[in-house]
Amino acid sequence: MRVHGWCRSLSATVVAAVLAAVTLPAGAQVTSEQRIPVKKESSGDVARRDSIARADAARRDSLAMLQAQNDSLMRANQAYRDSVDRAIAAYRDSVARAEQMRLDSIAAANAAADSVRHAAALAATATAAIPVALSRRGFYFGLAGGTSSPTNDWATPYSLGFNITAPFGWQPYESRFGIRGDISYDLHGGELLVAGTPIQPVDYPQPVFLTSDVLVQDLTIWSGNLDATFDIAQWGDRRLGALYVLGGVGVHYFTNRQADVLPETGGQVPTTVDNGSSTEFGFNFGAGLSFGIGTSSLFLESRWFTADLSPTNATWAPLILGIKFF
């Protein structure tokens, strides 16, 4: 059995060798499939290793560049996130400050309103503590002007003139009575009196007057009066509208009591008679109507004045329109 196996193996080897010899072309050499290592390096291998080294260096450089770019992108991204965080923080801070300012302004407005209410309460308390008579009316002053008409015997030597009056006084709200003072100025125009006129405007002998014309010069009167007032009727807010009467005493200063005497017979020359100035006491009474305008009142008033002045009493009646301020 073993011999037969060897024979078959040998036959197969011979057949294979013959087939190989038949199939190889002429001149071909039989080579072994096992490579024998060669230790000597060729120039191609060196160049290949250099190129590989350069490629590896380039790869490392590109990787380094990519890493640097990535680091730059990371830093830029971090800077962007930081800026966004700062913007959000600043926005939140501004919103918080605006809200705090709004709250502070509301608190300040409430405090101001509280102070106004407190002041109003104090004013109301103070007003309640003051008598109504003092808070609704009281002291007043004013200014008025109009005509001044001589009356009775005084109307013969003098004609219509004008009057200026500055009143001041006191009247409580709940009272119809008041006290008033005033300073006034009256001017009366002189007239030409023909001989025989029965009224003497100035002191001079009656015979001279009977035979002469007399040209009376203008006369002025400064007066200081103190009167009591009484409201017959009152109306309107603060009761500034009223129908009232008044009366009292006064001191009157007469100036320029002069006249030119023009004789008609006897060849006498004209003579100027001057009685100088004088101060006389007198009385007055009258009535008026006032209308309230806010804290003021517009009034229309007339009074009759008399003063004992020789040789005839001086009497006159101003009619004035004015305003009083309370």
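Refer to the structure printed above.
Every chain's residues receive numbers from 1 upward, in the order its sequence appears when written. Confidence filtering applies because this is a predicted model: local features only for residues at pLDDT of at least 70, side-chain atom pairs given and counted only at 80 or more, and all residues used for totals across whole chains, interfaces and linings. Each side-chain value is worked out from all heavy atoms of the structure, with water and hydrogens disregarded.

Comments concerning the overall build of the protein chain
Helix numbering and strand numbering both begin at the N terminus, where a helix is a DSSP run of H or I of at least 4 residues and a strand a DSSP run of E of at least 2. Within the protein chain, the secondary structure is distributed over four helices and 12 strands. Residue burial in the protein chain is summarised as follows: out of 326 residues, 28% are buried. Note on areas: these come from Shrake-Rupley sampling with a 1.4 Å probe, and a residue is covered only by the protein chains present in the view. If you sum the accessible surface of the protein chain, you get close to 20700 Å²; carbon and sulfur atoms cover 65% of it. A 1.4 Å probe rolled over the protein chains alone gives each residue an accessible area, and that area as a share of the maximum for its type sets the label: buried under 20%, exposed over 50%, partly exposed in between.

Digging into the side chain of Gln171
Counting through the fold element by element, Gln171 comes out in strand S2 (residues 158-171). Classification of Gln171 as buried rests on a relative accessible area of 4%. Pairs of N or O atoms are called polar contacts if they sit within 3.5 Å, as long as, within protein, a hydrogen donor faces a hydrogen acceptor (for residues adjacent in sequence, only side-chain-to-side-chain pairs). A polar contact is formed between the side chain of Gln171 and the backbone oxygen of Ser175, at a distance of 3.3 Å. A polar side-chain atom of Gln171 sits 2.7 Å from a polar atom in the side chain of Asp231.

Thoughts on unusual backbone geometry
At Asn152, a residue that is not glycine, the phi angle is positive and equals roughly 50°. With respect to the helices and strands, the residue Asn152 is situated in the loop between strand S1 (138-150) and S2. Under the relative-accessibility criterion, Asn152 is labelled exposed at 56%. For Asn256, which is not glycine, the phi torsion reads 60° and is therefore positive. On the secondary structure map, Asn256 appears in the loop between strand S7 (241-255) and strand S8 (258-263). Judged by its relative accessible area of 32%, Asn256 falls in the partly exposed class.

Regarding the nonpolar core
With 14 residues, the main nonpolar core has Trp154, Val216, Leu219, Phe254, Ala314 and Trp316 as its most contacted residues. At the level of secondary structure, the elements contributing two or more residues to this core comprise strand S5 (212-216), strand S6 (219-235), strand S11 (296-307) and strand S12 (314-325). Any two residues whose heavy atoms approach within 4.5 Å at even a single point are treated as in contact. Aside from chain neighbours lying at most four places away, what touches Leu219 is Trp154, Tyr158, Asp186, Leu187, His188, Phe254, Thr255, Asn256 and Arg257. Put simply, buried Ala, Val, Leu, Ile, Met, Phe, Trp, Tyr and Cys residues joined by side-chain atoms within 4.5 Å make one nonpolar core. Counting residues in each nonpolar core, the second largest holds five residues, with Tyr244, Leu246, Phe299 and Ile320 among its members.

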